[in-house]
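Tertiary structure, described
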Amino acid sequence: MQPAQVKNRAPAAIQITAEQLLREARERQIEEEVSTAQRSALLKQQQINDPEELAMFQATKRKQFEEKLRHTLHNVSNYLNYAAWEASQLEFR
């Protein structure tokens, strides 16, 4: 395999250092973590007004847990989190 040929060897008008690349990558990572935390906070603050909404919320939450379990079968903490959430729903039959 031949190395790629560089056509334009002129320096770029704006030079970016490795430090800038790392800083930007870290900033994006922090933004992503914050947006994930905000989404989970919104879910915790969700108000449920009738049994129909409760059933929809529970079905969505169960689907999310089961999707996690399907992807990470060997992670016991996912099973424990799912069991704790189910117990908190107080739907014992």
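The structure this text deals with has already been given above.
Residues numbered from 1 in each chain as written. Predicted model: local features only at pLDDT ≥ 70, side-chain atom pairs only at ≥ 80, totals over all residues. Heavy atoms only, no water.

**A word on the overall build of the protein**
Helix and strand counts for the protein come out as three helices and zero strands. The order of helices and strands in the protein, counted from the N terminus, is α-α-α. Counting across all 93 residues of the protein, residues that qualify as buried make up 8%. Carbon and sulfur atoms make up 57% of the accessible area of the protein, which amounts to about 8900 Å² in all. Side chains of the protein give 13 positive and 13 negative charges; the mean places of these two sets differ by 7 Å. (Helix = DSSP H or I, 4+ residues; strand = E, 2+ residues; numbered from the N terminus. Buried < 20%, exposed > 50% of the residue type's maximum accessible area, 1.4 Å probe, protein only. Areas by Shrake-Rupley, 256 points an atom, 1.4 Å probe, with all protein chains shown as cover. Lys, Arg positive; Asp, Glu negative; His and termini not counted. Charge placed at Lys NZ, Arg CZ, Asp CG, Glu CD.)

**Focus: the environment of serine 35**
Relative to the elements of secondary structure, serine 35 occurs in helix H1 (residues 18-44). Sequence separation between serine 35 and glutamine 46 is eleven residues; the distance between their C-alpha atoms is 17 Å.

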